[in-house]
Structures are given as structure tokens and as C-alpha cells.
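Summary of the model geometry
Letter by letter, the chains look like this.
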Amino acid sequence: MYLYDVETKKITASNGGYVDGGPLIRDSFVKLGRSQRGILYEPVIRTEKSRTAVVIVHSDDDYSTRPMGGELAKRGYVAFCGAVSDRLGTLDQKLLDVKHIVEFLQYYLYVDNIILMGHSGGATLMSAYQAVAENGAAVFQGDHMLISCSVKEDLPAADGLMLIDSNWGNGAMTLFSVDPAVKTEGNGMELDPRFDMFDPANGYDPAGAHYSETFKQEFFAAQRERNNRLVRLAKERLYAIETGRGLYNDDEPFLVAGGTQMAPGNKLFPQDTGLLAHTKGEYPLLHGDGTISTEVVHSLRKPRGKKNPTSSCKMGTLMTTVKSFLTGKAVMADESYGIYADGAAGILWDNTYNCPPGNVKRIHVPLLVMGMTGSYEYLAAEEIYRNAASPDKTIAFVEGAGHNFLAEQECETFPGQFGDTQKILYDFMDRWMDKTN
């Protein structure tokens, strides 16, 4: 396989070859059905570890050529890295996409163990899949759910789950991103100045914001109210669709100005590093020199300082559909909602299946949760771990690693300060999988 970088005009041959002096691996393009694809990474010389396959798929992005597959194959495992068939589709359809991958590995490659790996928003998909696979779709059905899971097929369960720098859930990340300054739905230009998080009078500073307690309380209250109003609106439109009174007979477009859940759209905590700054408890922290300490784990991220994208249709607007929103991007919050130094509160995890902190309550296979201290999402790992029902659960943090596992340059006072954070991460995952299987 060849990878062409359109910016640098460089071509890299990735089919086989030694990776960083490691063992010989090969990759093979795999197409599943009409619209799903991925790449299978395998060690050329198989070992006992090769009887374990890792599935790496994100809920919205294509992970086919991410480094994860090669890194795991270097360590002896089989890894399938791919994409869902429709990133804008419902979470239910994405669960079936994962099923196709698991069945391919089970019945074509005859592997003995399947491990699901969810990174970032992929943790939403993988934790939802495993919860349904272990318990059936009924586990996410009933009047308490924002929308019931519609999957009718049995899903083959995996033997283990790794949630690596998981986000808080795609629904929670949408909640965190909803801009309370929007006055009229569908209009990203008319904004209420009371909720301007880039106003120095409210505590903003390009070098790092320090919002006042009053501003934060008012902001989070208004954010909760708008978020819950949007969820109720989506539920009303779903009822209209199901009773034949919708704008279309199957689904409807659903737009949220100032609601994109990507990192630039998250509100307050990317600018104020005093929020989501440290864990509640003490946990293992992996250091660059190979040592592991147990301590309250502090964030090393730096403030983003980027301007609000709410007024941008392309960058700031969540463009989805009613059913995709309710299955994959919606969660409710109660009056205690807020984001604090040691986590988030007031999120109703049990009313949806698009948030790992709720999903892991229904999962019982061995679980590995890891957070990257240079990442803006690292603290979700503690919430997931504390909620997890698995009797065999492990948590660890990697010092200085960013969201994509490499040391964040802005975290370092000198190059290499935190060592090879990517190697530290994958070696820890290797030891966990070897022990688990």
C-alpha cells in the first residue's frame, strides 16, 4: 500500500518492511460489503500473541492509516484499523459496522481473542457495542432513554475493551460545546454578549483564561438549558417522523449552531486550564524514564486560546440528523451540571448509550482505561474507571502524552522531557493484553 501526502508530495510505501527496527509486518486492504473498508496489520512471523486481534474504529473518523495498527503488529498482534460505513449515520448502524469487522476476524482469520480499542470518540462506539453485545439491545431501551437502541441482530461480544484517551462521550462533548450565547436556533451571528467567553471582563486571557465563578455558573446553567431544549426539540421531531408528520419519511436534518463537538468548539475548559485540571483520586502515572508513580494526576495541557467558531457554519455548526443526534450526540444534564477542576457533574449518563461513563456500567469483560495528561480529554478516564462494572479493570495515565499519544510540544520545557510517550503507551497496552489473554 502507498500513502501519498498531498502537501509534502511524498510517497511512503507501507506494505511490509521494518518499522523502527522492529519485526517485519504487512498490511492488507480489506473491504467489507459495499461501503466499509479498513486495513489489516499483521506480523509476518506469527506468535502466540497473533491469536489476539484488536479492532480500532472511530465513530466519525477513518483510522485506517493511523499508527496504531503498525505499532500493535510490531508487538505481535493482529490489528484492524478502519472506518464506519457512514460517519453521519446513526450509532445503531455503526454498531453493525463493528459487528462486520468482528465477524471477519473471527470467521476468516480464526483468531481466538478480540479486543476492542476505542480512542477519543471511538470509545463511544466501542463501549456501546460491547454493552449491547453482552446484554442485548434491550439494555438501552425503555422510556428512560432519549431514544431506544434499534439493533435487532445479535452482536458477537469481544473478550476485552481498551478505552485510550476516551472523550467523555459524543453526547457529553456536544453538551460541552453548545454555545449558550446563541439567541435563535439556526443563527450563529446573533449572540448574547453576557456569555462571551472571549471577553476579558469575564476572565478571558489569550495566555490562559481564568473565568470568574459567577460567569462559570451562569454559563453552565444557560448551556444546560439550551442543550436540554435541543434534545427535547429533537425528540419532538422524532415523534413527528414516526407518526408520519415529519418533513421526510425516514429522518430530518438537525443543525446546532455553536454545537460542533470537535476540540475547537468545546467551551470554557480549553481556554481555562483550571477546569479539568486533576483527578479526584490517586492513580498510576507512567513516566518517560520507565518508572510508575501513584498520585493525583494533573493535566499538563496548555490553553488553546482560539476564538469562538460559533459564527462559522463550517467550523462551528453541528450538522446531523434527528436520529443521528439522538443516538450518537445527545445527552441531558440536571441542575447540578458544571465543569470543575476535578471533573464534570450533573450529566445523565444512563439516559443514552453514546457516553462511555454510562456504557461501562453494563460491561464485564477486562477493561483498560488510559488517559494522556497533555490531552484536553484525559480526565474522562477517571470517570469511566469509577463507573466501570468490570471486575478486572485497569487504569493508567501517560505523563506528557497528547491526545494522539505523542508528547505535546507545548507541554515540554525541553525536547524529549517525557521520553517516547507513544512507546510507553503501546508497551503498557502490550503488557495488559498479554496478561489478559
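Just so it is clear, the structure is predicted and the values come from calculations on it, not from any experiment.

1. With respect to the packing of aromatic side chains
All told, the structure shown has 15 aromatic pairs when counted by the stated rule. Residues F254 and F325 carry aromatic rings whose centres are separated by 4.8 Å and whose planes lie at 35° to one another, so their mutual orientation is tilted. A residue pair is termed long-range when its members are at least 10 positions apart, and F254 in strand 9 (residues 253–256) and F325 in helix 7 (residues 322–328) qualify at 71 residues. Comparing F254 with F325, the two get one shared label, buried. Seen from their ring centres, Y283 and Y385 are 6.1 Å apart, and the 85° between their planes marks the pair as edge-to-face.

2. Topic: the sheet that holds strand 16 (residues 393–398)
Across the sheet, ten strands lie side by side as 3-4-6-5-7-8-15-16-10-11; this open sheet has mixed pairing. The open sheet has two free edges, formed respectively by strand 3 (25–32) and strand 11 (292–298), since each of these has just one partner strand. Mean inter-strand twist for the sheet, computed between neighbouring axes without regard to direction, equals 25°. Of the strand pairs in this sheet, strand 3 and strand 4 (residues 36–43) are connected by eight bridges, and their pairing is antiparallel.

3. Quick word on the side chain of N113
As for its position among the elements, N113 is in strand 7 (residues 113–120). The exposure class assigned to N113 is buried, which follows from its relative accessible area of 19%. With residues near it in sequence (within four places) discarded, N113 still touches R51, T52, A53, D159 and N437.

4. Some details on the pattern of salt bridges
For the structure shown, the criterion picks out 21 salt bridges. Across the pair E71 and K74 runs a salt bridge, and its minimum N-O distance is 3.4 Å. Note that E71 and K74 are positioned in helix 1 (residues 68–74) at a spacing of three residues, about one turn of the helix. A relative accessible area of 7% places E71 in the buried class. By relative accessible area, K74 is classed as buried at 17%. Between D350 and R362 there is a salt bridge, with the nearest N and O atoms lying 3.6 Å from each other. One end of the pair, D350, is in the loop between strand 14 (343–347) and helix 8 (356–359); the other, R362, is in the loop between helix 8 and strand 15 (367–372), and twelve residues separate them in sequence.

5. Comments concerning the pairing of strand 11
Note that strand 10 (residues 278–286) and strand 11 share six bridges and pair antiparallel. Bridging from a neighbouring strand, Y283 pairs with E295 of strand 11. The antiparallel hairpin formed by strand 10 and strand 11 contains five residues in its connecting segment, where G290 sits at a positive phi of about 95°.

6. Looking at the side chain of N354
Its place among the elements puts N354 in the loop between strand 14 and helix 8. Ignoring any residue separated from it by four or fewer positions in sequence, one finds N354 in contact with L91, T124, G169, N170, G171, L326, T327, G328, K329, A330 and N359.

7. Some remarks on a nonpolar patch on the surface
Together, L24, V44 and I45 make up a nonpolar patch on the protein surface, roughly 260 Å² of accessible area in all. Inspection of the secondary structure assignment puts V44 in the loop between strand 4 and strand 5 (52–57). Accessibility expressed as a relative area gives 33% for V44, which makes it partly exposed.

8. Focus: helix 5 (residues 213–242)
Side chains of residues three or four places apart in an α-helix project in the same direction, reflecting 3.6 residues per turn. Relative to the 44 Å expected for 30 residues at 1.5 Å per residue, helix 5 spans 43 Å between its end C-alpha atoms, a close match to the ideal helical length. Looking one or two residues beyond helix 5, the residue adopting positive phi is G244, at roughly 80°.

Reading guide: rules and limits
- All residue numbers refer to positions counted from 1 along the written sequence of the respective chain.
- The predicted nature of this model means local features are confined to residues of pLDDT at least 70 and side-chain atom pairs, given and counted, to a pLDDT of 80 or more, with totals for whole chains, interfaces and linings taken over all residues.
- To obtain the side-chain values, all non-hydrogen atoms of the structure were included, while hydrogens and water were left out.
- Centres within 6.5 Å make a pair out of two Phe, Tyr or Trp rings, where for Trp the six-membered ring is used; the pair is then stacked when the planes are under 30 degrees apart, edge-to-face when over 60, and tilted otherwise.
- Helix and strand definitions follow DSSP, with helices as H or I runs of at least four residues and strands as E runs of at least two, each counted in order from the N terminus.
- Exposure classes here rest on a 1.4 Å probe applied to the protein chains alone. A residue is buried below 20% of its type maximum, exposed above 50%, and partly exposed in between.
- At least two bridges found by DSSP between two strands are what make those strands a pair.
- Comment: axis = line fitted to C-alpha atoms, over the contacting stretch for helices; angle = value between 0 and 180 degrees taken between N-to-C directions.
- Contacts: residue pairs with any heavy atoms within 4.5 Å of one another.
- Within this document, salt bridges are pairs made up of a side-chain nitrogen of Lys or Arg and a carboxyl oxygen of Asp or Glu, the two lying within 4 Å of each other.
- Patch membership is restricted to residues that have no salt bridge and whose relative accessible area is over 30%. Joining uses 9 Å for like charges and 5 Å for the nonpolar side chains Val, Leu, Ile, Met, Phe, Trp and Tyr.
- The Shrake-Rupley method, run with a 1.4 Å probe, gives the accessible areas here. Residue values count only the displayed protein chains as cover.
- The span one expects for a helix is its residue count, reduced by one, times 1.5 Å.

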